[in-house]
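Spelled out, the chains give:
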Amino acid sequence: MRLRNITGSREAIAESLYVVSESVQTECPGKWKEIFGNDSPVYIEIGMGKGKFIHTMAKEHPDINYVGIEKYSSVLLRAVQKMSQEELPNLKFLRMDAENITGVFGAGEVDRIYLNFSDPWPKDRHAKRRLPSREFLARYDTILKKGGRLEFKTDNRALFDFALEELEPAGWKAEVVTYDLHSDEKLIQGNVMTEYEERFSAQGNPICKYIIYR
């Protein structure tokens, strides 16, 4: 069974205390410090999958607030189930399409953005849907605070090359670029792997990563 087709997942998510309800998402811009009840920085992961990365990050960094964003209810359900086993006060979830990101976070409200193993959308006509595309970079530019960073990891070299090509026309600059993360002694320190990263790296696939800013 494909994860995104699990019966009842959307209803379970709607009832979860860990998920910010879709009905109130439009009220969230500018209010994330109120939602978390503190003034800690806000880090978000767009396309978080089953949530291993962001749950681990939130556990290791209790002084940072994390928001995991996932489009598919049946995938998000796995993260919700993990939270029910190990609750973390500095982690919230959103079920939403990333295209609407500027309607959920206010200008400069996010301190860091993570994109991990995003859908490559390989057909040229779908380039605008790729999360590291210039169209999405424009959205991130709105919500990311001055001095903030965006981190992107993938095993898909074609997608990574595309992402690098998008930086200049989008007005972003690369601070770090590697085509083999796990061979970089400095960058691998503190690296938290996603489910995909564990699988692909175990198969011997090099992991590409960049850290960018405006």
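Description of the structure in this document. (Residues numbered from 1 in each chain as written. Predicted model: local features only at pLDDT ≥ 70, side-chain atom pairs only at ≥ 80, totals over all residues. Heavy atoms only, no water.)

**Let's talk about the overall build of the protein**
Working step 1: Helices and strands together make up the secondary structure of the protein, namely seven helices and seven strands.
Working step 2: In the protein, the succession of α and β elements from N to C terminus is α-α-β-α-β-α-β-β-α-β-α-β-α-β.
Working step 3: In terms of overall dimensions, the protein is globule-like: its C-alpha atoms have a radius of gyration of 17 Å, near the 17 Å expected for 214 residues.
Working step 4: Expressed along its principal axes, the backbone C-alpha trace of the protein runs to roughly 40 × 40 × 35 Å.
Working step 5: Relative to its full complement of 214 residues, the protein shows a buried share of 47%.
Working step 6: Residue pairs at least 24 apart in sequence account for 77% of intrachain contacts in the protein once pairs closer than 6 positions are excluded. (Helix = DSSP H or I, 4+ residues; strand = E, 2+ residues; numbered from the N terminus. Rg over C-alpha atoms; globule rule 2.2 N^0.38 Å. Buried < 20%, exposed > 50% of the residue type's maximum accessible area, 1.4 Å probe, protein only. Contact = heavy atoms within 4.5 Å.)

**Describing the pattern of salt bridges**
Working step 1: For the structure on display, the rule yields 13 salt bridges.
Working step 2: R10 is paired through a salt bridge with E22; the nearest N and O atoms lie 3.4 Å apart. A residue pair is termed long-range when its members are at least 10 positions apart, and R10 in helix α1 (residues 9-15) and E22 in the loop between α1 and α2 (32-36) qualify at twelve residues.
Working step 3: By relative accessible area, which is 45% here, R10 ends up partly exposed.
Working step 4: Residues K209 and E151 are paired through a salt bridge, measuring 3.0 Å at the closest nitrogen-oxygen approach. (Salt bridge = Lys/Arg side-chain N within 4 Å of Asp/Glu carboxyl O.)

**A short note on the sheet that holds strand β4 (residues 110-116)**
Working step 1: Judged by pairing direction, the sheet is mixed, and its seven strands sit side by side in the order β3-β2-β1-β4-β5-β7-β6 without closing on themselves. Only two strands of the sheet have a single neighbouring strand rather than two, namely β3 (91-95) and β6 (173-178). Ignoring which end each strand starts from, the neighbouring axes of this sheet average 15 degrees apart.
Working step 2: Across five bridges, strand β1 (residues 42-46) lies against strand β2 (residues 65-70) in parallel orientation. Bridge pairing in β2 links I46 to I69. (Pairing = 2+ DSSP bridges. Axes fitted to C-alpha atoms, helices over the stretch in contact; angles between N-to-C directions.)

**Observations regarding helix α4 (residues 73-85)**
Working step 1: Along its 13 residues, α4 runs 19 Å from first to last C-alpha, staying within 8% of the 18 Å computed at 1.5 Å per residue.
Working step 2: Among the residues making up α4, those that are buried are S73, S74, V75, L76, L77, A79, V80 and M83.
Working step 3: Looking at the buried residues of α4, the elements they touch are α1, α3 (52-60), β2 and β3. (Expected span 1.5 Å × (residues − 1).)

**Quick notes on the nonpolar core**
Working step 1: Residues W32, I44, I46, F105, I113, Y140 and L150 are the most contacted members of the largest nonpolar core, which totals 36 residues.
Working step 2: The dominant element in this core, judged by the number of residues it contributes, is helix α6 (residues 157-170), at five residues.
Working step 3: Apart from the residues lying within four places of it in its own chain, the contact partners of L150 are I113, L115, L137, Y140, W172, Y210, I211 and I212.
Working step 4: Counting 20 residues, the second-largest nonpolar core is a separate cluster that includes Y43, F53, L76 and Y114. (Core = buried A, V, L, I, M, F, W, Y, C linked by side-chain atoms within 4.5 Å.)

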